[in-house]
There are 2 protein chains.
Amino acid sequence: MDRPISFEVTHTSKDCKARCGLIHTPHGTVETPMFMPVGTQATVKFLSTEDLHDINAGFILANTYHLWVRPGEETMRLAGGVHKFMNWDGPVLTDSGGYQVFSLKDTRKIEEEGVHFKNHLDGSRMFMSPEDSIRIQEAIGADIAMSFDECIPYPSSYEYCKDSTDRTIRWAERGLKAHKRKDQALFGIVQGSEFADLREYCAKALVAMDFDGYAIGGTSVGESKETHYKMLDDTIKFLPEDKPRYEMGIGAINDIFETVERGVDMFDCVLPTRIARHGTLMTSQGRINIKKAVYQNDFTPLDPNCDCYTCKNHTKAYLNHLFRNNEGLGSRLMSIHNLRFLIKLAEDIRQAIKEDRFLEFKEHVLSTYGFDKRGF
Amino acid sequence: MDRPISFEVTHTSKDCKARCGLIHTPHGTVETPMFMPVGTQATVKFLSTEDLHDINAGFILANTYHLWVRPGEETMRLAGGVHKFMNWDGPVLTDSGGYQVFSLKDTRKIEEEGVHFKNHLDGSRMFMSPEDSIRIQEAIGADIAMSFDECIPYPSSYEYCKDSTDRTIRWAERGLKAHKRKDQALFGIVQGSEFADLREYCAKALVAMDFDGYAIGGTSVGESKETHYKMLDDTIKFLPEDKPRYEMGIGAINDIFETVERGVDMFDCVLPTRIARHGTLMTSQGRINIKKAVYQNDFTPLDPNCDCYTCKNHTKAYLNHLFRNNEGLGSRLMSIHNLRFLIKLAEDIRQAIKEDRFLEFKEHVLSTYGFDKRGF
């Protein structure tokens, strides 16, 4: 069967499970491992699509829940999908909406059929089923859509995790059945929380359904680093080699290395743009807080090793000035830098994998970039 | 004497006093009449300098008072001036700081020596003399600096206007004496409020000092359109033909035409960027309020006759969506459009002048664009 996207592993590092690959999509071919910028509302905050091309962005992630609430499913359909809506000709991935729906803790009620909740804008009652999620994602028209799942809160009892994982599997089956677009891939999401047997159980059930790719869900939800990495190990060994693997919410540098080392191909995070807007920059010399007074008269670039528009054209003094005056240009320039920093890091990681020196490169970066405990 | 800038009138429209010219500056040659975007804090809000080149911006206006307060005179000097600070290689003009200082009505006290006031950020006491204004403007290093003057409140008694105009003339003399930079032009500002004899008196006194150009000050401060245009007429007839004329605060379309018709060469206004950030767009089909529900599913460009990045790449539906979600990209895209609209209008005005059909073009624009009473 012809798939909407195809994936090929081009090289696996001799020193670990890190691998390089190519994802061929209806909107071009991208290389993995890859960091995907988040464009919640069909806009990566402050960046134009020209800016996205300039930083060599591959996939952009858009949020189904947010686009459903505003501008709405009908507008997305009339627009001809998210690519035309935002004028982005590269590939797009949408989440299922589940994460946002489940995070509205106080108002949501889970049933077998789907989830009742109140939307965050006006509090009106809404309902999302696996079929709704697929229908909305088809209207958005991303290159990759995701199964509707429950991201299990951590920690939860074994019984809760078992029941929830079972329901996620049933929802995955319903979503797969509802999904009709031939030009859109659908990924399954493996849940199971911290329990190895549930991870195995869920992974095997989803793999049997033959999705176009698999996400490792329910991580980075408050668990320790050790538990997080164990969740990955407990899941990935049951995933096929020839399908892309995606972990959501990974943007801290140490997490990126740990994730890629275990064989993950795709990851995304709001972290780089969110911290950029608050004046925190990731650089090859470590973390910079641009609002510090020491930068007021520092006429050097943020990062001498960076090739982004910001570093090629502006100084720390100017960024300090823009930040202190709350100027929108500052948010844009700093977001461009942090995104390019992670996209360039992924490029360097791919090069290291191709040269079978991933672990050496990981050690080099983590020991010289001087990250804090949060990993950036 | 070699002047830092030179000006030549290349054509005067046969049907009125509107004229085309060239201003040669240390940062390139620009054509007049010209609309100048305002970059208060050494940034035209939300636009990069690349964006400014794309819209064919000539001069950018920066505010001396704001740059003095933050980042401060010393930082501007250490940066090597505003061009390097913001990485803009086109020409820059600075105001004198007087307008902002005088607008701090509750705290300012005018003396012969200068003005005492409290700054708007932390309320600390400050003082600005004509010499201070020049020294700060030399540190900022714009291509054109302005004399320190009092923008007379409207209406004021004849006696107040006479005293203030006399002081403005004395301050202009002190500023001229203090000004040393050979690569920076200095303009005098004609005051005199609504009184024809004071306008004549001030214009003749300043022209006798031989400034590099002249601004018509004290307009658009609450007077009627008729009084405004009379102030222009009462001033311009005493200004030399071979020096550029600048009117501050002009950005509404009818004002632009009236101003250019009377022989003004340069004008600036925060209006296009300020209204853009509030979702109001100037188009060849009239004014558009992008937040209206009718645009949610309107997949056409803002203005089919516009060549800006926004109109070439995005739809009203997308701009409506960005505006409703308070996305910074929306502010940028809409600011780009409004600025390009006025810069293109100035380009078309120049073409009309060259073809001796300025009045016909004015009539065409004012009758077809459908502007409201505010003139946009």
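Anything mentioned here points back to the structure above.
Right, let's walk through the structure included here. All residue numbers refer to position in the chain's written sequence, counted from 1. The lettering of chains begins at A and the numbering of ligands begins at 1, in the order of writing. Local features in this predicted model are restricted to residues whose pLDDT is 70 or higher, and side-chain atom pairs enter the listing and the counts only when it is 80 or higher, whereas totals over whole chains, interfaces and linings include all residues. The side-chain values count all of the structure's non-hydrogen atoms but skip hydrogen atoms and water molecules.

### What to know about the overall build of chain A
- Each helix is a run of H or I in the DSSP string that is no shorter than four residues. Each strand is a run of E no shorter than two, and both are numbered from the N terminus. Along chain A, the regular secondary structure elements total 14 helices and 16 strands.
- In this setup the radius of gyration rests on C-alpha atoms only. A globule is expected at 2.2 Å times the number of residues raised to 0.38. Compactness check: chain A gives a C-alpha radius of gyration of 20 Å against a globular reference of 21 Å for 376 residues, within 12% of the reference.
- Across its three principal directions, the C-alpha atoms of chain A cover 60 × 50 × 40 Å.
- For every residue, the accessible area obtained with a 1.4 Å probe (protein chains only) is divided by the maximum for its type, and the residue is called buried under 20%, exposed over 50%, and partly exposed between those limits. Among the 376 residues that make up chain A, the fraction classed as buried is 63%.
- When contacts within chain A are restricted to residue pairs at least 6 apart in sequence, those whose partners lie at least 24 apart make up 67%.
- When the accessible surface of chain A is totalled, it reaches about 14000 Å², and 49% of it is carbon and sulfur.
- His is not counted, nor are the chain ends, whereas Lys and Arg count as positive and Asp and Glu as negative. Working definition for charges: the position is that of NZ of Lys, CZ of Arg, CG of Asp or CD of Glu. Separation of charge centres in chain A, based on 47 positive and 55 negative side chains, amounts to 4 Å. Contacts between residues were defined by any pair of non-hydrogen atoms, one from each residue, lying within 4.5 Å. Surface accessibility in these figures is a Shrake-Rupley result with a 1.4 Å probe; residues are shielded only by whichever protein chains are displayed.

### Quick word on helix α13 (residues 328-354) of chain B
Residue and element names in this part refer to chain B.
- Helix span, expected: 1.5 Å multiplied by one less than the number of residues in the helix. For α13, with 27 residues, the first-to-last C-alpha span of 39 Å sits near the 39 Å given by 1.5 Å per residue.
- The buried fraction of α13 amounts to 23 of the 27 residues, a majority that puts the element mostly inside the structure.
- Within two residues after α13, Asp-356 carries a phi angle of roughly 55 degrees, on the positive side.

### Brief notes about a negative patch on the surface
- Residues with no salt bridge and a relative accessible area higher than 30% make up the patches, which join like charges within 9 Å and nonpolar side chains (Val, Leu, Ile, Met, Phe, Trp, Tyr) within 5 Å. For this document, the term salt bridge refers to a Lys or Arg side-chain nitrogen within 4 Å of an Asp or Glu carboxyl oxygen. A surface patch of like charges, here negative, comprises A:Glu50, A:Asp54, B:Glu50 and B:Asp54.
- If you list the elements that add at least two residues to the negative patch, you get α1 (49-54) of chain A together with α1 (49-54) of chain B.

### Details of the sheet that holds strand β2 (residues 19-25) of chain A
Residue and element names in this part refer to chain A.
- Read across the sheet, 3 strands follow the order β1-β2-β3 without closing on themselves; strand pairing throughout is antiparallel. The sheet terminates laterally at β1 (6-12) and β3 (28-32), the two strands that pair on one side only. Averaged over neighbouring strand pairs, the angle between their axes works out to 20 degrees when direction is ignored.
- The pairing criterion for strands is at least two bridges between them, as found by DSSP. Here β2 runs beside β3; their pairing, made up of 5 bridges, is antiparallel. Axis definition: a line fitted to C-alpha atoms, over the contacting stretch in the case of helices. Angles run 0 to 180 degrees between N-to-C directions.

### Digging into the side chain of A:Thr273
- Its place among the elements puts A:Thr273 in helix α10 (residues 271-277).
- Looking at A:Thr273, the relative accessible area reads 5%, which means it is buried.

### Structural notes on the nonpolar core
- The set of buried Ala, Val, Leu, Ile, Met, Phe, Trp, Tyr and Cys residues whose side-chain atoms join them within 4.5 Å is what this entry labels a nonpolar core. Ranked by size, the top nonpolar core spans 186 residues in total, and within it A:Leu52, A:Leu345, A:Ile349, B:Leu345 and B:Ile349 carry the most contacts.
- When near neighbours in sequence (up to four residues on either side) are disregarded, B:Ile349 contacts B:Pro33, B:Ile256, B:Phe257, B:Val260, B:Phe358 and B:Phe361.

### Quick notes on the relation of the copies chain B and chain A
- Alignment of copies: least-squares fit on C-alpha atoms of residues with pLDDT of at least 70 in both copies. Overlay of chain B on chain A (RMSD 0.0 Å): rotation 180 degrees, translation along the axis 0.0 Å. This pairing of chains is accounted for by a two-fold axis. Residues of chain B ranked by C-alpha distance from the rotation axis are headed by B:Gly328, positioned 3.3 Å from it.
- When the interface residues of chain B are mapped onto chain A, 100% of them again lie at the interface, so the same face is used by both copies.

### Overview of the interface of chain B and chain A
- In this complex, chain B contributes 35 residues to the contact, which on the side of chain A involves 35 residues.
- Summed over both partners, the interface of chain B with chain A buries about 3300 Å², with 49% contributed by carbon and sulfur atoms.
- Applying the counting rule to chain B against chain A returns 4 salt bridges.
- A salt bridge links B:Lys45 to A:Glu327, with the shortest nitrogen-to-oxygen separation between them at 2.7 Å.
- Pairs of N or O atoms are called polar contacts if they sit within 3.5 Å, as long as, within protein, a hydrogen donor faces a hydrogen acceptor (for residues adjacent in sequence, only side-chain-to-side-chain pairs). Taken together, the links from chain B to chain A amount to 24 residue pairs in polar contact (both at pLDDT 80 or more).
- Every element with two or more residues in the side of chain B that touches chain A is listed here: α1, α2 (64-79), α3 (82-86), α11 (309-313), α12 (316-324) and α13 of chain B.
- Considering every element that reaches the side of chain B that touches chain A, the biggest residue donor is α2(B), with 6 residues.
- Here the term charged refers only to Asp, Glu, Lys and Arg, the term nonpolar to Ala, Val, Leu, Ile, Met, Phe, Trp, Tyr, Cys and Pro, and the term polar to all other amino acids, Gly among them. Partitioning the side of chain B that touches chain A into residue classes produces 15 nonpolar, 13 polar and 7 charged. Here the quantity called buried area is the total loss of accessible area, with a 1.4 Å probe, experienced by two parts when brought into contact, counted for both.

### Topic: the environment of A:Arg174
Residues and elements named next belong to chain A.
- Of note, Arg-174 is situated in helix α6 (residues 158-178).
- Remark: the alpha-carbon pair of Arg-174 and Ile-336, spanning 162 residues in sequence, is separated by 39 Å.
- Within the structure, the side chain of Arg-174 is placed 3.0 Å from the backbone oxygen of Glu-112, a separation counted as a polar contact.

### Things to note about the packing of helix α13 (residues 328-354) of chain A against helix α14 (residues 358-368) of chain A
- Where α13(A) contacts α14(A), the two axes come as close as 8 Å, and the packing angle between them is 145 degrees. Contact residues: α13(A) offers A:Leu345, A:Asp348, A:Ile349, A:Ala352 and A:Ile353, while α14(A) offers A:Phe358, A:Phe361 and A:Val365.

### Here we look at the sheet that holds strand β7 (residues 109-110) of chain B
Residues and elements named next belong to chain B.
- Spatially, β7-β8-β9 is the arrangement adopted by the 3 strands of the open sheet, whose pairing is antiparallel. Two strands lie at the open edges of the sheet, namely β7 and β9 (125-128), each paired on one side alone.
- Pairing analysis gives 2 bridges linking β7 to strand β8 (residues 115-118), with the strands arranged antiparallel. Within β8, the residue paired with Lys-109 across the bridge is His-116.
- Each of β8 and β9 touches α2; the most contacted strand, β9, lies at about 135 degrees to it.

### Looking at the packing of aromatic side chains
- Aromatic pairs are defined between Phe, Tyr and Trp rings, using the six-membered ring for Trp, whenever the two ring centres lie within 6.5 Å; interplanar angles under 30 degrees are classed as stacked, those over 60 as edge-to-face, and all others as tilted. What the rule picks out here adds up to 23 aromatic pairs over all chains.
- Where A:Phe211 meets A:Tyr214, the ring centres are 6.2 Å apart and the plane angle is 80 degrees; that geometry is what we call edge-to-face.
- Here A:Tyr214 falls in the buried class, since its relative accessible area comes to 1%.
- Each ring, one from B:Phe257 and one from B:Phe361, has its centre 5.9 Å from the other, and the planes form 55 degrees; the classification is tilted.

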